[in-house]
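Residues per chain are reported as follows:
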Amino acid sequence: MAEYNRVSECVGLITLRNPPVNALSAAVRQGIVDTVQRALSDPNVKSVVICGQNGIFCGGADIKEFRSNMTGPPLIPMIHAIESANKPVVAAIEGSALGGGLELALGCHYRIAHSKARLGLPEVSLGLLPAAGGSQRLPRLIGVPAALNLITTGRHVTAAEALQLGIVDQVTDHNTVAAAVKFALSVAGRSLDPRRISTHPCPQQPDLDALFEEVMQKVRQSARGAIAPIACVQAVRAAATLPYAQGMERERELMATLFTSGQARALQYCFFAERAVGRWRMPSGARWDTSKPRPVHKAAVIGLGTMGRGITVALAQTGLSVIAVETQEKQLMEAKQAISGMLERGAKGRGVAPALDGVIYSQNIQAVADVDLVIEAVFEDIALKTKVFQQLSAVCKPGTLLCTNTSALDVDQLASETPNPELVVGMHFFAPAHVMKLLEVVYGPRSSPQAVATAMQLGKKMGKASVAVGNCRGFVGNRMLKPYIEEAFFLLEEGATPELVDQALEEFGFPMGVFRMSDLSGLDVGWRVRKGDGLVEPGTASGRSARIRQGRRYSPLGDLLCEEGRFGQKTGRGWYQYDKPGSRVARFDPWLHSFLGAYRAQHGLVARRIDHQEVLERCLYALINEGFHILDDGIAAGPEDIDVIYVSGYGWPRHRGGPMFYANMVGLAKVLERLEHYQQLHPEVPHLQPSSLLRRLVASGSPPIHKWGEAIKKLHSQL
Ligand SMILES: CC(C)(COP(=O)(O)OP(=O)(O)OC[C@H]1O[C@@H](n2cnc3c(N)ncnc32)[C@H](O)[C@@H]1OP(=O)(O)O)[C@@H](O)C(=O)NCCC(=O)NCCSC(=O)CC(=O)CCCCCCCCCCCCC(=O)O
Ligand SMILES: NC(=O)C1=CN([C@@H]2O[C@H](COP(=O)(O)OP(=O)(O)OC[C@H]3O[C@@H](n4cnc5c(N)ncnc54)[C@H](O)[C@@H]3O)[C@@H](O)[C@H]2O)C=CC1
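Calculation rules
- Residues numbered from 1 in each chain as written.
- Chains lettered and ligands numbered in written order.
- Predicted model: local features only at pLDDT ≥ 70, side-chain atom pairs only at ≥ 80, totals over all residues.
- Heavy atoms only, no water.
- UniProt positions renumbered as here; feature names shortened; annotations may be inferred.
- Buried < 20%, exposed > 50% of the residue type's maximum accessible area, 1.4 Å probe, protein only.
- Helix = DSSP H or I, 4+ residues; strand = E, 2+ residues; numbered from the N terminus.
- Right-handed = clockwise from strand over helix to strand, strands pointing away.
- Pairing = 2+ DSSP bridges.
- Near = heavy atom within 4 Å.
- Polar contact = N/O pair within 3.5 Å; in protein donor to acceptor, adjacent residues only side chain to side chain.
- Areas by Shrake-Rupley, 256 points an atom, 1.4 Å probe, with all protein chains shown as cover.
- Core = buried A, V, L, I, M, F, W, Y, C linked by side-chain atoms within 4.5 Å.
- Contact = heavy atoms within 4.5 Å.
- Nonpolar A, V, L, I, M, F, W, Y, C, P; charged D, E, K, R; others polar.
- Axes fitted to C-alpha atoms, helices over the stretch in contact; angles between N-to-C directions.
- Salt bridge = Lys/Arg side-chain N within 4 Å of Asp/Glu carboxyl O.
- Phe/Tyr/Trp six-rings, centres within 6.5 Å; stacked < 30°, edge-to-face > 60°.
- Lys NZ or Arg CZ within 6 Å of the ring centre and 35° of its normal.
- Disulfide = S-S within 2.5 Å.

- Under an unreviewed UniProt entry, the protein has the name Peroxisomal bifunctional enzyme and belongs to Champsocephalus esox.
- In UniProt, the protein has this text filed under Pathway (unreviewed entry): "Lipid metabolism; fatty acid beta-oxidation."
- Its UniProt record, at the heading Subunit (unreviewed entry), says of the protein: "Monomer."

### Re the pairing of strand 3 (residues 47-52)
Next, step 1: Within strand 3, six of the six residues are buried, which leaves the element mostly enclosed by the surrounding structure.
Next, step 2: Regarding topology, helix 1 (residues 26-41) serves as the crossover connection from strand 2 (residues 11-16) to the parallel strand 3, and that connection is right-handed.
Next, step 3: The parallel pair strand 3 and strand 4 (residues 89-93) is bridged by helix 2 (residues 75-84), and the resulting crossover is right-handed.

### Focus: unusual backbone geometry
Next, step 1: The omega torsion of the bond from Pro19 to Pro20 falls at 5°, within 30 degrees of zero and hence cis.
Next, step 2: Residue placement: Pro20 occurs in the loop between strand 2 and helix 1.
Next, step 3: Residue Pro432 is bonded to the preceding Ala431 through a cis peptide linkage, with omega at -10°.
Next, step 4: Within the secondary structure layout, Pro432 lies in the loop between strand 15 (424-429) and strand 16 (438-443).
Next, step 5: If you check the backbone angles, Glu9 has positive phi at about 65° while not being a glycine.
Next, step 6: Here Glu9 lies in the loop between strand 1 (2-7) and strand 2.

### Quick notes on the pairing of strand 11 (residues 321-325)
Next, step 1: Counting buried positions over the five residues of strand 11 gives four, a clear majority of the element.
Next, step 2: Bridge count between strand 10 (residues 298-302) and strand 11: five bridges; the pairing is parallel. Pairing of Lys298 across the sheet is with Ser321, part of strand 11.
Next, step 3: Handedness of the crossover joining strand 11 and strand 12 (residues 359-362) through helix 13 (residues 329-350): right-handed.

### What about the site of ligand 1?
Next, step 1: Not every one of the 26 residues close to ligand 1 is listed here, only the nearest: Ala61, Gly100, Arg252, Arg275 and Arg279.
Next, step 2: Within the backbone of Gly100, a nitrogen or oxygen atom sits 2.7 Å from an oxygen atom of ligand 1.
Next, step 3: Side-chain polar atom of Glu103 to an oxygen atom of ligand 1: 3.4 Å apart, as the coordinates give it.
Next, step 4: Relative to its unbound accessible surface of 1,300 Å², ligand 1 loses 69% to contact with the protein.
Next, step 5: Within the residue set of the shell around ligand 1, elements represented by two or more residues are strand 5 (96-98), helix 3 (100-107), helix 10 (244-259) and helix 11 (262-276).
Next, step 6: Broken down by element, the shell around ligand 1 gets its largest block of residues, four residues, from helix 10.

### Section: the nonpolar core
Next, step 1: With 102 residues, the main nonpolar core has Val368, Val501, Trp575, Leu620 and Phe628 as its most contacted residues.
Next, step 2: Leave out the neighbours within four places in its chain, and Val501 touches Ala488, Leu491, Leu492, Ala496, Val514, Phe515 and Val615.
Next, step 3: One finds Ile50, Leu119, Leu128 and Leu129 within the second-largest nonpolar core, a separate group that totals 73 residues.

### Notes on the site of ligand 2
Next, step 1: Close contacts around ligand 2 come from 24 residues, with Glu326, Gln331, Glu380, Lys385 and Ser407 the closest.
Next, step 2: At 2.5 Å, a side-chain N or O of Glu326 approaches an oxygen atom of ligand 2.
Next, step 3: Side-chain polar atom of Ser407 to an oxygen atom of ligand 2: 2.7 Å apart, as the coordinates give it.
Next, step 4: Calculation on ligand 2 without its partners gives an accessible area of 830 Å², and the protein chains cover 80% of this total.
Next, step 5: Sorting the residues of the shell around ligand 2 by element identifies helix 12 (306-317), helix 14 (382-395) and strand 15 as the ones contributing at least two each.
Next, step 6: Top element by residues in the shell around ligand 2 is helix 14. It accounts for three residues.
Next, step 7: For the shell around ligand 2, a count of residues per class yields eleven nonpolar, ten polar and three charged.

### With respect to the sheet that holds strand 5
Next, step 1: The strand order across the open sheet built from three strands is 5-7-8, with neighbouring strands paired in mixed fashion. The open sheet has two edge strands, strand 5 and strand 8 (156-158), and neither has a second partner. In this sheet, adjacent strand axes meet at a mean angle of 20° when their direction is disregarded.
Next, step 2: Taken together, the three bridges between strand 5 and strand 7 (residues 118-120) define a ladder with parallel strand orientation. The partner of Leu98 across the bridge, within strand 7, is Gly120.
Next, step 3: In the packing of helix 3 onto the sheet, contacts are made with strand 5 and strand 7, and the angle to strand 5 comes to roughly 90°.

### Some words on the UniProt feature "domain: 3-hydroxyacyl-CoA dehydrogenase C-terminal" (unreviewed entry) in the protein
Next, step 1: Residues annotated in UniProt with the feature "domain: 3-hydroxyacyl-CoA dehydrogenase C-terminal" (unreviewed entry) correspond here to residues 474-578 and 615-701.
Next, step 2: A helix fraction of 69% and a strand fraction of 0% characterise residues 615-701, whose end C-alpha atoms lie 28 Å from each other.

### As for the pattern of salt bridges
Next, step 1: This model, assessed by the stated rule, comprises 41 salt bridges.
Next, step 2: With a shortest N-O distance of 2.7 Å, Arg155 and Glu161 are connected by a salt bridge.
Next, step 3: Looking at Arg155, the relative accessible area reads 33%, which means it is partly exposed.
Next, step 4: Given the relative accessible area of 23%, Glu161 is considered partly exposed.
Next, step 5: Across the salt bridge formed by Arg674 and Glu673, the nearest N and O atoms sit 3.3 Å from each other.
Next, step 6: Taken together, the shared-partner salt bridges connect Glu487, Glu493, Glu494, Arg547, Arg553, Arg608, Glu614 and Arg618 into one network.

### Observations regarding the packing of aromatic side chains
Next, step 1: Counted according to the given criterion, the structure contains 19 aromatic pairs.
Next, step 2: Plain terms: the ring middles of Phe430 and Tyr650 are 5.5 Å apart, the flat faces sit at 75° to each other, and that makes the pair edge-to-face. Here Phe430 is found in the loop between strand 15 and strand 16, whereas its partner Tyr650 is found in the loop between helix 24 (639-649) and helix 25 (659-666), with 220 residues between them in sequence. Note on accessibility: Phe430 and Tyr650 belong to one class, buried.
Next, step 3: Summarising the aromatic geometry, the rings of Phe489 and Phe515 are spaced 6.3 Å apart at their centres and angled 10° between planes, so their arrangement reads as stacked. Separated by 26 residues along the polypeptide, Phe489 in helix 17 (residues 477-494) and Phe515 in helix 19 (residues 514-521) bring together distant segments of the chain.
Next, step 4: Under the relative-accessibility criterion, Phe489 is labelled buried at 10%.
Next, step 5: The residue whose ring lies beneath Arg275 is Phe271, and the NZ or CZ to ring-centre distance is 3.7 Å.
Next, step 6: Over the aromatic face of Trp527 sits the side chain of Lys531, whose NZ or CZ is 3.6 Å from the ring centroid.

### Comments concerning the state of the cysteines
Next, step 1: Here the structure, examined in full by the defined rule, presents zero disulfides.
Next, step 2: Distance from the sulfur of Cys108, which forms no disulfide, to the nearest cysteine sulfur (Cys58) is 11 Å.
Next, step 3: A disulfide-free cysteine, Cys232 has its sulfur positioned 15 Å from the sulfur of Cys202, the nearest such atom.

Have a look at this one:
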């Protein structure tokens, strides 16, 4: 709703009231229509101010309404009525003015913002465009290049940048509403014609065609198949080339296509999923709203290799004091230099001072005695980690939380080696840890809810998409990756090439296909794990039996490449070749292709034609199938948890919503049918055996994804 008051005798003050972000629900839109009419028809009112309650102007359209029958007054005529008003209307912007919220403000004649406010048109990140006139008014106000940048990226700007761009007229450090009321009084009676943005022509822009061509090319490249950024460019082009009314018609047409698209559904699902994972719950019944995190002021990182360095930076950037411990002197010196460099570069990007003094370096584990939380990032070796955890238990003050960044070791086993297993959780960061958004917080049966709450809160403070997951081999992300990679290897054996597999996955929207990714992260990583699992054998045996290990189909292709010293980018050779070690541009490698040919001949495999559809079905459905096992096992609390992990940590295209959302879109029955089909063809591949949860969901009528939680509970209670 919107509340109306008369202040300073002749200013009509309209306050949007719809916590928490004053989204433009039907009731709020109705409230705005009614109160604007009231203010305009009151002869005592000379000017109008629109603000939002609780320090936030407006978070835009109510996204939850998009999936329902939208009722209430539409935004476009509402904003038009404000712009056409014969009394000045001033937007008093505190907190955020986003999407429809900024479009509302652009319909006002003046905009005053608090210095801490943020403004933006983030619709593109929801698969939409600013379709309440935003795509037509913003270019008229700030010019085509700046508007293109804001609308195609959806980025939020600070009040200072908004002032510089000309989006707002004034920025205040004081009470924004008071400043806006004062301003509204000062402009009462002035001509409003120059203030109606829709009546302006777009500022002249030399060589408009070249500009749009260049932007379109860039946007197509970065969009990876997303359609909204392209529609945003087309809408701004309409603003630049057509009269306002025709531009609005184009905006409507483009929005009509986007609004009902699967991509918009996927992106809006991601928006809510990212928030839902913060409301974590454990199988024990412990949950986010009943578990109080401990305060963390001082933290420690043990082991300053690749991961420890990034984790130290991420912690220091949140303002924590960090004790960084590394036993090897040379490593310590290198780490110090690297961490300082990362902190300086990060601070420069954010226009703040680097937190160099926030990090204290030591070679002695005793230095961590008074920290609140430790993150261990030493070599992936259970004996070493156990020793470190025992040392930490002896050194740290009582109650210190002990976290491990292990990627594959058993968190429960580590916990059981300490006197206080309830204080142990996994904090699984992804490389580079100060950049990658994802954090898996891994709890064991003995982890206390407070320990989980503390790690989750710390993750949030570091700006991570933090997801609480149960303990199992590979946790959620890497466990699902295993069948995906294995299928890619099998496809090579059967006739595919790394280029074909990667192209299919990249066209689907992954930034890199599985083989380019493997070259980037290093083939030796998986090799070490497979060796540890006893799967690697000398590469001389041939025939089918050589490719069955531990009772299931196994492809030794990755091992054979490693035996050749082909570890990927770091050695300049892997699934592709590179100009030199460390180079990034993957090139076709004739050696690899003759190697594949020889390998198939040795094993009696006849190459067949494999198309993109088979690549996608086998790699993605195998991964999704594992996701259903994970849900069935209770390792992830819901499909949103899996999807957030995949979108924020594994390059799953956001406009496809995550693997479980994708399965829901494709149709569970179809996923099941294709898995059954491939399982019949490859009976020695257990990960193609459809999960019993998938079967049961299909049998129960394939409920939509938001009902899976309920359905799983019901299915489990029937077991
Ligand atoms: C605002 C924020 C920056 C606040 O952040 P923070 O404080 O961190 O809080 P959060 O945890 O993010 O949020 C708290 C809580 O609020 C919920 N929420 C936030 N924003 C919204 C929202 N806009 N709608 C609903 N709910 C919202 C959030 O989910 C949390 O709740 P929880 O999930 O329960 O935990 C931050 O929240 C933020 O960034 N919000 C989103 C801002 C945004 O993206 N805004 C843009 C929205 S889209 C928009 O505005 C588009 C338009 O206005 C266009 C309107 C046109 C629509 C007309 C449809 C016409 C259809 C065309 C068919 C044509 C047919 C034909 O003609 O033929
Ligand atoms: N590298 C990656 O991409 C990822 C690694 N991980 C996990 O993070 C952990 C660390 O991995 P990396 O950083 O890659 O290893 P790394 O080999 O780069 O660094 C490990 C560091 O620990 C130091 N160290 C060893 N024993 C120590 C001790 N007792 N006290 C203090 N320092 C000690 C070593 O000197 C070395 O500098 C491993 O458990 C790994 O599985 C998790 C996610 C991703």
